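Report on the structure
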Amino acid sequence: MKTEDISLFHRIVETGSLVEAADILNLPKSTLSRRLQALEDELEVKLFHRQSRSMTLTASGSHFYDKTTSMMSELEQTLSEITDEKAEVAGHLRILIYPIPELMQISQAIFQFMDLNPSITVEIIVSAEPQDMIRNNIDLAFMLEDSFNENEMVARHMLSETVHFFASPEYLKKAGYPETPCDVSEHNSILFRYPNGRIFNEVPFGQDMTLQVKGNLCVNNLSVCLEAALAGIGIAMMPMPFCQDYVDSGQLEMLFKDTAPYEGKCYLVYPSRRYISLASQRFIDHMLVVLEDCSQTASCNQIAKIRGPIKPII
């Protein structure tokens, strides 16, 4: 019995469709169907109830899925322990990246990982829209701390960045300058909606405050938020590295300069219900090293910070 066929079986379970699994895995449907049939023949059990548009597990299939999930996880962990760290690994990784200022920094680290592991294939998905990581076969994702609410996730803190309030001189001339942080609630703010559906209308400020904000525009993309701030729509809360050039040129003004900024966090997350492949583990190790190196250089604006412990999101 091939472990690769068991892995393909897992993907069919997670997508609920042979067609969707074939599309995600970039395999012909006929090939996936043939390998599934071969697995069933070898086991001498029926794993799925096949319907026209979906597939549901039989009792035997559900039992096999539960048992093989832990088995595959243990196998990958064993391979990771006994395999030379410099040995080449193979496989395909689907990586979701929330559109953050460090997008290119993360992308460059991914390209470096591919250079070190030529047999790895990678698909990068940049999206601020909600994504079901299991159903969409996403192995790993870089997301902001408030942008995911799935119950069974594992998250590792990768990056930190300072977040401030900004407004254009035109807006401040028109609406007045907020003298204190509490005055922000009386201004028009550019609201932000996270992929989990939450609107960011209770925003952290400084180290221990939360401010209520309101506004007539809501976006889910930092670039659009920036454009709206530059256009004088309202006050925006954005990462400093994303706005620095516009502050330097006078197109934006940073508010409340005397208050310590809020520190936003970006996590590398993956579903705990799915076993983590050797390729994924090597990728995580690589990102920890590369982003730590970047955090110590001026080229990364000294904003990347790393913590070792894995944080379960319950």
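Treat the numbers as computed from the prediction; the structure is a model and nothing was measured.

1. Focus: the overall build of the chain
If you tally the helices and strands in the chain, you get nine helices and 14 strands. Looking at the 314 residues of the chain, the share that counts as buried comes to 48%. Taking the contacts inside the chain whose residues are at least 6 apart along the sequence as the reference set, 75% of them involve residues at least 24 apart. Accessible surface, the chain as shown: approximately 15800 Å² in total, 50% of it carbon and sulfur.

2. What about the pairing of strand β3 (residues 91-97)?
Burial of β3 is extensive: five of the seven residues sit out of reach of the surface. Bridging between β3 and strand β4 (residues 120-126) involves seven bridges; their strand directions are parallel. The residue of β4 that forms the bridge with G91 is I120. Remark: the β3/helix α5 (residues 103-116)/β4 crossover connection has right-handed handedness. Here β3 pairs with strand β5 (residues 140-144) via three bridges, running parallel. Across the sheet, the residue bridging to L96 is A141, located in β5.

3. Here we look at a nonpolar patch on the surface
A surface patch of nonpolar side chains, amounting to about 260 Å² of accessible area, comprises L75, L79 and I82. Turning to its location among the elements, I82 is positioned in helix α4 (residues 59-82).

4. Notes on the confidence of the model for the chain
Looking at the chain, the pLDDT average stands at 83 and 87% of residues meet or exceed 70. Predicted confidence is poor over residues 296-314, with pLDDT under 50, and the contacts of this stretch with residues over four places away or in other chains come to 44 contacts.

5. Some words on the pattern of salt bridges
A pair can form between side chains of opposite charge whenever their charged atoms are brought close. Per the stated rule, a full pass over the model turns up seven salt bridges. The closest approach of N and O atoms between R50 and E40, which form a salt bridge, is 2.8 Å. With R50 in strand β1 (residues 48-50) and E40 in helix α3 (residues 29-43), this residue pair connects regions lying 10 residues apart in the sequence. What makes E40 buried here is its relative accessible area of 5%. Across the pair K265 and E263 runs a salt bridge, and its minimum N-O distance is 4.0 Å. Take K265: its relative accessible area is 15%, and that puts it in the buried class. Taken together, the shared-partner salt bridges in this structure form one network comprising E4, D5 and R35.

6. Some remarks on the pairing of strand β13 (residues 262-271)
The buried fraction of β13 amounts to nine of the 10 residues, a majority that puts the element mostly inside the structure. Of the strand pairs in this sheet, β5 and β13 are connected by four bridges, and their pairing is antiparallel. Residue pairing for β13: F142 is matched across the bridge by L268. Both strand β6 (residues 153-167) and β13 contribute to a ladder of 10 bridges, which runs antiparallel. Within β13, the position partnered with R156 by the bridge is L268.

7. Remarks on unusual backbone geometry
Phi at N137 takes a positive value of approximately 55 degrees, unusual for a residue other than glycine. Note that N137 resides in the loop between β4 and β5. For N137, a relative accessible area of 5% puts it in the buried group. Positive phi values are uncommon outside glycine, yet F256 reaches one of about 55 degrees. Structurally, F256 is set in the loop between β12 (253-254) and β13.

8. Examining the packing of aromatic side chains
For the structure shown, the criterion picks out six aromatic pairs. Counting every residue linked through ring pairs, the aromatic cluster contains F9, F48, F64 and Y65.

9. Observations concerning the state of the cysteines
Inspection of the entire model under this criterion finds zero disulfides. You can see C218 has no disulfide; the closest cysteine sulfur is in C225, sitting 9.6 Å from it. Look at C218 and you get partly exposed, because its relative accessible area is 34%.

10. Regarding the environment of L144
Inspection of the secondary structure assignment puts L144 in strand β5. Among the residues examined, L144 registers a relative accessible area of 16% and is labelled buried. When residues no more than four places from it in sequence are discounted, the contact partners of L144 are Y98, I100, Y194, K265 and C266.

Parameters and conventions
Residues numbered from 1 in each chain as written. Predicted model: local features only at pLDDT ≥ 70, side-chain atom pairs only at ≥ 80, totals over all residues. Heavy atoms only, no water. Helix = DSSP H or I, 4+ residues; strand = E, 2+ residues; numbered from the N terminus. Buried < 20%, exposed > 50% of the residue type's maximum accessible area, 1.4 Å probe, protein only. Contact = heavy atoms within 4.5 Å. Areas by Shrake-Rupley, 256 points an atom, 1.4 Å probe, with all protein chains shown as cover. Pairing = 2+ DSSP bridges. Right-handed = clockwise from strand over helix to strand, strands pointing away. Patch = residues over 30% accessible without salt bridge, like charges linked within 9 Å, V, L, I, M, F, W, Y side chains within 5 Å. Salt bridge = Lys/Arg side-chain N within 4 Å of Asp/Glu carboxyl O. pLDDT = per-residue confidence, 0-100. Phe/Tyr/Trp six-rings, centres within 6.5 Å; stacked < 30°, edge-to-face > 60°. Disulfide = S-S within 2.5 Å.

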